[in-house]
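Listed here are the chains, written in short residue letters.
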There are 2 protein chains.
Amino acid sequence: MAEGLLVVVSGPSGCGKGTICRKFLQRNEDMNISISATTRSPRRGEKDGVNYFFLTEDVFKKMVSKNEFLEYANVHGNFYGTPKKYVLDKIKKGENIFLEIDIQGALQIKKIYPNGVFVFILPPSMEELKNRIIRRGTESKSDIDRRYKNAFKEIEYINEYDYAIVNDKVEKAVKKLESIVTAEKSKVDRQIELINKILL
Amino acid sequence: MAEGLLVVVSGPSGCGKGTICRKFLQRNEDMNISISATTRSPRRGEKDGVNYFFLTEDVFKKMVSKNEFLEYANVHGNFYGTPKKYVLDKIKKGENIFLEIDIQGALQIKKIYPNGVFVFILPPSMEELKNRIIRRGTESKSDIDRRYKNAFKEIEYINEYDYAIVNDKVEKAVKKLESIVTAEKSKVDRQIELINKILL
């Protein structure tokens, strides 16, 4: 059985990666999202094993100490992580897993699974990025400045990624992401079994 | 200036690569074909520097001895070759070069320019390949058998290529080739200048 793809998408806040990923997932039903583990409490309607794996902090930390996460982080006092076994088992079965994740998370994943497909979404310009952060209108001036400065630092990590997509037009960016996935599936290394079948 | 792509497409005879490459080139005007050098005489209407660079055997062999070809071969007593400087100069200027070439040629090119994009076209099955060779109807029984046996040997070299496309439907295969080129253009390594421009 040929391994599935692990597609990891990141980008600075305001680059529009959320919209791109949503449209991409709508159109590509063979791409599955992973279920994260978290120590935060379930919100109304959230189900364990569907929205998240809800864990106690104790269990979460034990999993951390046993390297059972592809990546994890503490966000405002709650832990969030991507369970390694869950993802790698699916990939081994030939399923494709799609992760939209921040840059720190992506870098952790790359160390454990360098065979993943790492895609970085860029804004058309830093000016446009700032405008997008401002247009959201949900953040204070100091938050905006912090996010904007942070974006510069984050883009430095682009060299750790395989592909870069400039998000000037959403539809164009989604098509590029689709092309990247199609190309990765077409790699000789990923098609050994198909090739052997043809030669039979 | 970002370097252009060198896209090299091969496949066993009967795999349908000619049709795929023709359609691909019709639709992708930023892909340029290279001009080969040859020692054969010009046919009626053929122009030097347009259809081929027509060279004497003496000049051709001198170029071979000075490693001035990306690849060359002797076909039925005439030499054919891809001039290295011609192709690499265009790539350096940011032009994309597309070469449909036999496997021996592609392997020679890969040694000199490993940064190329090497694509192998496969038939959907070896049975289908044989049928396609037979349907051409231009070859004797022994030629057909030779080509068919040769195809098996050639496919062994697929591991030297980056991508494999199974030609079950021409349109699907052309789209895959287009996706591969789009993905290769999206590689971070090939977009350093664009990324720097965004950060300005």
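Residues numbered from 1 in each chain as written. Chains lettered and ligands numbered in written order. Predicted model: local features only at pLDDT ≥ 70, side-chain atom pairs only at ≥ 80, totals over all residues. Heavy atoms only, no water.

Chemist: What's the story with the relation of the copies chain A and chain B in this structure? I'm lost.
Modeler: Mapping between the two chain copies consists of a rotation about an axis together with a translation along that axis. Note on the identical chains: chain A maps onto chain B by a rotation of 180° and an axial translation of 0.0 Å, with an RMSD of 0.0 Å. Expressed as a symmetry operation, the mapping of one chain copy onto the other fits a two-fold axis. Relative to the rotation axis, the C-alpha of Ser 179 of chain A is the closest in chain A, positioned 2.2 Å from it. Both copies present the same face, since 100% of the interface residues in chain A are matched by interface residues at the equivalent positions in chain B. (Least-squares fit on C-alpha atoms with pLDDT ≥ 70 in both. Contact = heavy atoms within 4.5 Å.)

Chemist: Please clarify how the side chain of Asn 96 of chain A should be interpreted in this entry.
Modeler: Residues and elements named next belong to chain A. Looking at the element boundaries, Asn 96 is found in strand S7 (residues 96–100). With a relative accessible area of 8%, Asn 96 lands in the buried category. A polar contact is formed between the side chain of Asn 96 and the backbone nitrogen of Leu 5, at a distance of 2.8 Å. Polar side-chain contacts of Asn 96 include one of 3.1 Å to the side chain of Asp 30. Setting aside chain neighbours within four positions, we find Asn 96 in contact with Gly 4, Leu 5, Asp 30, Met 31, Asn 32 and Lys 185. (Helix = DSSP H or I, 4+ residues; strand = E, 2+ residues; numbered from the N terminus. Buried < 20%, exposed > 50% of the residue type's maximum accessible area, 1.4 Å probe, protein only. Polar contact = N/O pair within 3.5 Å; in protein donor to acceptor, adjacent residues only side chain to side chain.)

Chemist: For this particular structure, what's the right way to read the packing of helix H7 (residues 170–185) of chain A against helix H7 (residues 170–185) of chain B?
Modeler: When two helices pack together, their arrangement is captured by the angle between the axes and the distance separating the axes. At a minimum axis distance of 8 Å, the contact between H7 of chain A and H7 of chain B shows a crossing angle of 110°. Here H7 of chain A lies roughly perpendicular to H7 of chain B, going by the angle between them. Where H7 of chain A abuts H7 of chain B, its residues Lys 176, Ser 179, Ile 180, Thr 182 and Ala 183 of chain A lie against Lys 176, Ser 179, Ile 180, Thr 182 and Ala 183 of chain B. Of the residues assigned to the contact of H7 of chain A with H7 of chain B, the class counts are four nonpolar, four polar and two charged. (Axes fitted to C-alpha atoms, helices over the stretch in contact; angles between N-to-C directions. Parallel < 35°, antiparallel > 145°, perpendicular 65-115°, else oblique. Nonpolar A, V, L, I, M, F, W, Y, C, P; charged D, E, K, R; others polar.)

Chemist: It is not clear to me how the pairing of strand S6 (residues 78–83) of chain B should be interpreted in this structure. Could you clarify?
Modeler: Two faces make up the sheet, and in a regular strand the side chains alternate between them. All names here are of chain B. Summarising the sheet, strand S3 (residues 36–38) and S6 pair through two bridges and their orientation is antiparallel. Residue pairing in the sheet places Ala 37 in a bridge with Gly 81 of S6. With six bridges joining them, strand S5 (residues 69–75) and S6 adopt antiparallel strand pairing. Pairing of Asn 74 across the sheet is with Phe 79, part of S6. In this structure, the hairpin formed by S5 and S6 is closed by a connection of two residues, where His 76 is found at a positive phi of approximately 50°. (Pairing = 2+ DSSP bridges.)

Chemist: I tried to follow the UniProt feature "binding site: ATP" (unreviewed entry) in chain A on my own but got confused; where do I start?
Modeler: Residues and elements named next belong to chain A. According to UniProt, the feature "binding site: ATP" (unreviewed entry) maps to Gly 11, Pro 12, Ser 13, Gly 14, Cys 15, Gly 16, Lys 17 and Gly 18 in the numbering used here. Positionally, Gly 11 belongs in the loop between strand S1 (6–10) and helix H1 (17–27). A residue is classified by how much of its surface remains accessible, and Gly 11, at 7% relative accessible area, is buried. Excluding its chain neighbours within four sequence positions, the residues that come into contact with Gly 11 are Lys 17, Ile 103, Phe 120, Ile 121 and Glu 154. With respect to the element layout, Gly 14 can be found in the loop between S1 and H1. Those residues within four positions of Gly 14 in sequence are excluded, and the remaining contacts are Leu 129, Arg 132, Ile 133 and Arg 136. (UniProt positions renumbered as here; feature names shortened; annotations may be inferred.)

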